[in-house]
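Understanding the architecture of this molecule
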Amino acid sequence: MSVAHVAHAALGCSAADLAAFRNRGYFSTPLIAALALNVVVTALQIGAYAGRIAGVRTGRIGTSISLFNFFTLAARLANLVVTPALGSLADGAASYATCTGTIPGRFEWQLRAIIGAGTLGAIVGTLLLPIFIMLFMRGVYAFERRGSMLQAALRLLDPRVMYGIVRTARWPPIGEIASFRPTGLPVKLLVGNVTVTAVYAVGVVASFYGSVIDLDARTTAVGLSGLVNGFGTVAFSFFVDPTTAYITDQAVKGERSPQDVRTMVFWLAVTAILGWIVSQLILIPGAYFIAIGAHFFHPHA
C-alpha cells in the first residue's frame, strides 16, 4: 500500500505549494513544541513511579496511589498538547504526498526525533527520581493537612517548596545503584513494562505516519491511535500495575524490604527507557499496520 494511488487527487496543488513545503526545513515550530513537550511529559510519567516508594516511606498507600493517578493524568493531558503539533507535521507531509505520490523522507525522521525526545525524557525522569520521591512525600503530607488534592498540588508549585525539595533530595551513590539487581522481580513485570511503554510511545506517532501512507483513510488512521493506546492500557492494567501494587503492599506489611520497592522503581524506569528505544524499531511496521487497519474500516479507500 502506498500513497501513489491518491496522487491524482492533487486539487490546487502547485509548484508554489511544493516550494513552500521544502522551504520549511527540517525544524519547525510544531516540531520544536512536540520535542519539548515530549521530554517533559515522559519525565513526569517516569516520576509517577516514585509514588510507590513514597507510599512505603509514609505508610499512606491510598494517598500515594491518588497522587500517582494525579501525576499520570496530568502527564496524559499534557500529552494531548503534542497531538496538534503532530497533526501540523502530518498535514504538511500529506499535502506533499498528495502532490507527488511519495511520503517526504524528513517526515519519518521528524517522528523519530519526537520518539527520541521521549527517550531523553525517560532518562531525565529517571535521574530526577529522588526529587520526585520527595515531591510525592511532601504531597502526601500536604494533602493530609489541607484535605484537597488540588490544594496540595498547588502547594507543591510554590518556589520555596520546590527549592526545599531539591535541597533535601539525595541521589544514591553508584555502589548502591549497582545493588539494584532485578533477580527478585517477576520477569513478566519487566517485559510487560517494556512492551506497554513501546506501545504507548509509538501509538499516536505511528497513527499519524499511517495517515500519510493511505491518504483516503487518514482520519480513520489517526482515530485508531486511541484503540492502540487502549490495548496498551489494558496490558498495563493486567501485567504491570497489579504486580507493582502487590510488591508495594508486601513492603508495607513487612514481607519485603523497602529496598525491594526501590529496586522495582529503578528497573521500571530502566525498562521504560528500553521501551522507548524499542518504539523506534516498531514505528514503520506499526504505521503500516495502522494503515491496513484504517483501510479495513474504510473499504472503499
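Each value, and the rule that gives it
- Residues numbered from 1 in each chain as written.
- Predicted model: local features only at pLDDT ≥ 70, side-chain atom pairs only at ≥ 80, totals over all residues.
- Heavy atoms only, no water.
- Helix = DSSP H or I, 4+ residues; strand = E, 2+ residues; numbered from the N terminus.
- Buried < 20%, exposed > 50% of the residue type's maximum accessible area, 1.4 Å probe, protein only.
- Contact = heavy atoms within 4.5 Å.
- Areas by Shrake-Rupley, 256 points an atom, 1.4 Å probe, with all protein chains shown as cover.
- Axes fitted to C-alpha atoms, helices over the stretch in contact; angles between N-to-C directions.
- Parallel < 35°, antiparallel > 145°, perpendicular 65-115°, else oblique.
- Left-handed = near helix turned anticlockwise from the far one by under 90°.
- Core = buried A, V, L, I, M, F, W, Y, C linked by side-chain atoms within 4.5 Å.
- Phe/Tyr/Trp six-rings, centres within 6.5 Å; stacked < 30°, edge-to-face > 60°.
- Expected span 1.5 Å × (residues − 1).
- Bend = angle between axes of the 7 residues up to and from the residue.
- Salt bridge = Lys/Arg side-chain N within 4 Å of Asp/Glu carboxyl O.
- Patch = residues over 30% accessible without salt bridge, like charges linked within 9 Å, V, L, I, M, F, W, Y side chains within 5 Å.

A closer look at the overall build of the protein chain
From N to C terminus, the protein chain includes 13 helices and 0 strands. Reading the secondary structure of the protein chain in the N-to-C direction produces α-α-α-α-α-α-α-α-α-α-α-α-α. Every one of the 301 residues in the protein chain was classed for burial, and the buried ones make up 47%. Considering only contacts in the protein chain between residues 6 or more positions apart, those separated by 24 or more positions represent 86%. Carbon together with sulfur atoms contributes 68% to the accessible area of the protein chain, which is approximately 14500 Å² in total.

Comments concerning the packing of helix α11 (residues 187-213) against helix α13 (residues 258-297)
Look at α11 against α13: their axes get within 5 Å of each other, and the N-to-C directions meet at 30°. It follows from the interaxial angle that α11 and α13 lie roughly parallel. Seen from above, α11 lies across α13 with right-handed handedness.

Digging into the nonpolar core
Nonpolar side chains in soluble globular proteins tend to end up buried together. Grouped together as the largest cluster of nonpolar side chains are 74 residues, with contacts concentrated most on Leu-86, Phe-107, Leu-111, Ile-114 and Met-264. In terms of residues, this core owes the most to one element, α13, which gives 13 residues. Setting aside residues up to four positions removed in sequence, Met-264 forms contacts with Arg-52, Leu-185, Leu-189, Thr-244, Ile-247 and Thr-248.

As for helix α3 (residues 50-58)
Among the 9 residues in α3, 8 count as buried, and that is most of the element. Residues Ala-50, Gly-51, Arg-52, Ile-53, Ala-54, Gly-55, Val-56 and Thr-58 constitute the buried set of α3. Summarising the contacts, the buried residues of α3 are in contact with α2 (29-47), α4 (61-80), α7 (129-146), α12 (218-252) and α13. Just past α3, the residue Gly-59 takes up positive phi, approximately 75°.

Structural notes on the packing of aromatic side chains
Taken as a whole and judged by the stated rule, the model has 4 aromatic pairs. For the ring pair Phe-180 and Phe-266, a centre distance of 5.3 Å and an interplane angle of 50° mean the geometry is tilted. Of this pair, Phe-180 sits in the loop between α10 (174-178) and α11 while Phe-266 sits in helix α13, placing them 86 residues apart in sequence. For Phe-180, a relative accessible area of 6% gives the class buried. Both rings, one in Phe-238 and one in Phe-239, keep their centres 6.4 Å apart while their planes meet at 50°; by these two values the pair is tilted. You can call Phe-238 exposed: its relative accessible area is 61%. Among the aromatic residues, those joined into a ring-pair cluster are Phe-180, Phe-266 and Trp-267.

So, α13
Spanning 40 residues, α13 covers only 49 Å between terminal C-alpha atoms, well under the ideal 58 Å at 1.5 Å per step. Maximal helix bending in α13 amounts to about 55°, located at Ile-282; proline Pro-285 follows within four positions.

With respect to the pattern of salt bridges
What the rule picks out here adds up to 5 salt bridges. With its nearest N and O atoms 2.7 Å apart, the salt bridge here joins Arg-52 to Asp-241. One end of the pair, Arg-52, is in helix α3; the other, Asp-241, is in helix α12, and 189 residues separate them in sequence. Given the relative accessible area of 9%, Arg-52 is considered buried. For Lys-253, the salt bridge goes to Glu-255, with nearest N and O atoms at 3.8 Å. Assigned by exposure class, Lys-253 and Glu-255 land together as exposed.

Focus: a nonpolar patch on the surface
On the surface, a cluster of nonpolar side chains totalling about 370 Å² of accessible area is made up of Ile-123, Leu-127, Leu-128 and Trp-171. In this fold, Ile-123 is placed in helix α6 (residues 105-127). On the accessibility criterion, Ile-123 (37% relative accessible area) is partly exposed.

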